[in-house]
Amino acid sequence: MARPIWTGTLSFGLLNVPVSLMTGSRSVDLHFRMLDSRSKTPIRYERVNAETGDEVPWKDIVKAFEYKKGSYVVLEKDDLKSAASEGREAVEVEAFVDAASIGPEYYEKPYILVPGKKAEKGYVLLRETLKRTGKIGIARVVIRTREYLSAVMPKDHALVLMILRFPQELVDVSEYTIPEGNVSKYRIAPKELDMAEKLIESMSGEWKPGDFRDEFRERLQKVIAKRMKSKGLVTPASDDAEADDASENTSTNVVDFMALLEKSLASNKRTPAKKHGTSAAKPAAKKATKKASPAKKAAKKITKKVVRKAG
C-alpha cells in the first residue's frame, strides 16, 4: 500500500475531517543508468566541494540563497519551517468558487484525499455538496516544507486536492506576439469557419483516457527487449531490496455536523484545525538479495523489472 505524504485534517468552516494525503500521479518514464563504456560499470554522481574537489557528505550540506554573485546567506531547517503557515497538517479551505472560473493554466499536480477512520460522513458531506453546487474549495496546504495553493474538488467518489500555480508563476501572454482582433483582419472567410467547424464536429467524441497510450514508451520497451537478446547484456551483482510501509488512518469521534454547519454559517469564521499526529510507519523486513545468475536468468529478471516500472 502507498505511504501517505502526511495525515492531518481537511477543514472548512468549523468542520474538520481527518484525511491522508496520497499521491495522485506516478512516473511511467523508463529510467536509464549511465555506464562507463569501457567496463560497463555504473557512473556515480558525487557531491564535491567546488574549490577542493573533495566529496561532501549529506550531513555537511546546507541550503543557501545567493543574493548576489558569490555571496550567500545560509538557511537552517527551522528557517524554512518558520516561513510556512502554522497549519502544517491541515488543508484549510479559505473560500469556495465556481469550478469553471479557474483556467487550466493554474492546475499543476493532483493528490488524493483519503478519509481517516470514522471520518466518512464529513468527507461525503463535502464531496456531495461540491457536486450539487458546482463549486470547488480554494485552500492552502503545506507539503513537506513548502506552502502551496490548492483546490479541493470532487472526482467520482473521491476528493482530489489539485496543486495550483500562483499567478506569479504564470507568464503573461502579453509578453508574446499573439494574433488579436476580428477574424476578418486575417482574411478568414465565413466558409472557412464553417468547414473548420464541421471538421471539428466530425472528429468529436467522448473523452476516453484508456484510448490513449504512451506509444513511445511501448516502442522503447520493444527496443530494450530486442537489445537484451543480443550480446553485451550487463548482469547486476544484486537487486535492490524493497520495503513496504504500513500506515494507519487518523481516528475521530462522532461529530454533530448539523450543529457545526449552523455555527459556521452564523459566525462566518473558521477555527484552527486540530493537529493529528502521524503514526510511525513500520518498514517491512528487507528481502534477502540473490547472487548474480547466468545471462539467460538475468535477462528474464531485467525484463520483469522493466515491465514492472513501465506498468
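Residues numbered from 1 in each chain as written. Predicted model: local features only at pLDDT ≥ 70, side-chain atom pairs only at ≥ 80, totals over all residues. Heavy atoms only, no water.

A. Focus on a nonpolar patch on the surface. Side chains of Phe-65, Tyr-67, Val-73 and Leu-75 sit close together on the surface and give an oily, nonpolar patch of about 390 Å² of accessible area. With respect to the helices, strands and loops of the structure, Tyr-67 is situated in strand β3 (residues 63-68). For Tyr-67, a relative accessible area of 52% corresponds to the exposed category. (Patch = residues over 30% accessible without salt bridge, like charges linked within 9 Å, V, L, I, M, F, W, Y side chains within 5 Å. Areas by Shrake-Rupley, 256 points an atom, 1.4 Å probe, with all protein chains shown as cover. Salt bridge = Lys/Arg side-chain N within 4 Å of Asp/Glu carboxyl O. Helix = DSSP H or I, 4+ residues; strand = E, 2+ residues; numbered from the N terminus. Buried < 20%, exposed > 50% of the residue type's maximum accessible area, 1.4 Å probe, protein only.)

B. Layout of helix α2 (residues 120-133). Counted at 1.5 Å a residue, the expected span for α2 with its 14 residues is 20 Å, and the 20 Å between its end C-alpha atoms agrees. Every buried residue of α2 is accounted for by Gly-122, Tyr-123, Leu-126, Arg-127 and Leu-130. Seen along its axis, α2 keeps its buried residues to an arc of 130°; they face one direction. Looking at α2, the residues exposed on the side facing more than 90 degrees away from the buried face are Lys-121 and Arg-132. Gly-134 sits one or two residues past α2 and shows a positive phi near 70°. (Expected span 1.5 Å × (residues − 1). Arc of directions from axis to C-beta.)

C. Summary view of the pairing of β3. Burial runs low along β3: only zero of the six residues are buried. By the bridge criterion, five bridges tie β3 to strand β4 (residues 71-75) in an arrangement that is antiparallel. Looking at the pairing, Lys-68 lines up with Ser-71 of β4. From the end of β3 to the start of β4, which pair antiparallel, there are two residues, and Gly-70 there has a positive phi angle of about 80°. (Pairing = 2+ DSSP bridges.)

D. Local environment of the pairing of strand β9 (residues 158-164). The element β9 is extensively covered by neighbouring structure, given that six of its seven residues are classed as buried. Here six bridges tie strand β6 (residues 107-115) to β9, and the two strands are oriented antiparallel to one another. Bridged to Leu-113 within β9 is Leu-159. Relative to β9, strand β8 (residues 146-155) runs antiparallel, the two being bridged by seven bridges. Across the sheet, residue Met-153 finds its bridge partner in β9, namely Val-160. Here β8 hands over to β9 after two residues, with Asp-156 in that stretch at a positive phi of 55°.

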